[in-house]
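Residues per chain, in single letters:
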Amino acid sequence: MSFYRGRLLRPFLAEIQRIDTQATTYDPVWRTPVVTYPGGVRTKSTAYQDPILLRAQIEVTADGVQQQTASGNTPDSRIVLVFHFRNLEAAGLVDANGLPMLRVNDRLTRLMRLNGQQLQVYPRPLYATEVQPTGFGLGGGRNLVIATYEDRPEGTQA
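Residues numbered from 1 in each chain as written. Predicted model: local features only at pLDDT ≥ 70, side-chain atom pairs only at ≥ 80, totals over all residues. Heavy atoms only, no water.

Enquirer: Would you explain the side chain of Glu15 in this entry?
Expert: Position of Glu15 among the secondary structure elements: in strand β1 (residues 12-17). Residue class for Glu15 comes out buried when judged on its relative accessible area of 14%. Within the structure, Glu15 has its side chain in polar contact with the side chain of Thr109 (distance 2.5 Å). The residues contacting Glu15, other than those within four sequence positions of it, are Pro51, Ile52, Leu53, Arg107, Leu108, Thr109 and Arg110. (Helix = DSSP H or I, 4+ residues; strand = E, 2+ residues; numbered from the N terminus. Buried < 20%, exposed > 50% of the residue type's maximum accessible area, 1.4 Å probe, protein only. Polar contact = N/O pair within 3.5 Å; in protein donor to acceptor, adjacent residues only side chain to side chain. Contact = heavy atoms within 4.5 Å.)

Enquirer: How should I be thinking about the pattern of salt bridges in this particular structure?
Expert: Note on pairing: side chains with opposite charge can pair once their charged atoms come close. For the structure on display, the rule yields two salt bridges. Two residues, Glu150 and Arg78, come together in a salt bridge whose shortest N-O distance is 3.7 Å. Of the two residues, Glu150 is situated in strand β8 (residues 142-150) and Arg78 in strand β5 (residues 72-84); the sequence distance between them amounts to 72 residues. Residue classification places Glu150 among the partly exposed residues on the basis of a relative accessible area of 23%. Taking the relative accessible area as the measure of exposure, Arg78 reaches 33% and is therefore partly exposed. (Salt bridge = Lys/Arg side-chain N within 4 Å of Asp/Glu carboxyl O.)

Enquirer: Mind showing me how you'd approach unusual backbone geometry here?
Expert: Excluding glycine, a negative phi dihedral is what most residues carry, and trans is how most peptide bonds are arranged. One non-glycine residue with positive phi stands out, namely Arg10, at about 45 degrees. Among the structural elements, Arg10 can be located in the segment before β1. Owing to a relative accessible area of 64%, Arg10 belongs among the exposed residues under this scheme. In this structure, Asn105 takes a positive phi of about 85 degrees despite not being glycine. When its relative accessible area of 28% is taken as the criterion, Asn105 is described as partly exposed.

Enquirer: Looking at this structure, how should I read the packing of aromatic side chains?
Expert: Any two aromatic rings considered together are summarised by their centre-to-centre distance and by the angle between their planes. Following the criterion strictly, the structure yields zero aromatic pairs and no others. One Lys or Arg, Arg107, reaches over the ring of Tyr48 and ends 3.9 Å from the middle of that ring. (Phe/Tyr/Trp six-rings, centres within 6.5 Å; stacked < 30°, edge-to-face > 60°. Lys NZ or Arg CZ within 6 Å of the ring centre and 35° of its normal.)

Enquirer: Looking at this structure, I do not really get the pairing of strand β6 (residues 107-112). What am I missing?
Expert: A large share of β6 lies buried, amounting to five of its six residues. In this structure, β1 lies alongside β6, joined through five bridges in antiparallel fashion. Each bridged residue has a counterpart across the sheet, and for Gln17 the counterpart in β6 is Arg107. (Pairing = 2+ DSSP bridges.)

Enquirer: Honestly, the confidence of the model for the protein in this entry has me stumped. Any pointers?
Expert: A low pLDDT means the predicted coordinates there should not be read in detail. Chain-level statistics for the protein give a pLDDT mean of 86 and a share of 81% at 70 or above. The least confident element of the protein, judged by mean pLDDT, is strand β4 (residues 52-69) at 75; the most confident is β1 at 98. (pLDDT = per-residue confidence, 0-100.)

This is how it looks when you write it as C-alpha cells:
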C-alpha cells in the first residue's frame, strides 16, 4: 500500500552529535555522567558520536535571549527542528521498534543551507530536551519527528 508522507518546508541541514551512552561513564548511585576535575577544570564523562548532517525544517522560538541570574547573564536559546522519518530511515536512524534514534541530550552544533553554506555555528551547543515522533501522512504513514534544542545554563558549579 502506498501513501503520501508529505515533506519538509524550506529544509536546511542540521549538524547533530548524538550522545554515545555506551562510551559515557555513569555514576553507579546517581546514574548521571561522572564529573572529574583534572587540573581544576570541571569535566563530564559524556561522550558523543561523530557529527551527522540531517535535513530539517527550522522553527526558531528564541535565539540568544539573555536571562539575568545571580551569577550573571545566561543565554537562553530554543530551536525546534522538524525531521522527516524518510530522511532518518535513509540515515539508519530509526530503530527496530520504528522509533527515531535521536535522543534527549544530543547536541546541535551548527545549521547550514542545503548547498553546504554555513548559517550558524553554536560554540556552546544546544542540547535536545525533547524528541517526539508526531504526524502521520495521508494514508497513515508516519512522517515527522519534532526535536527541541535548548541552551544549558552555565552557572556557579560546586
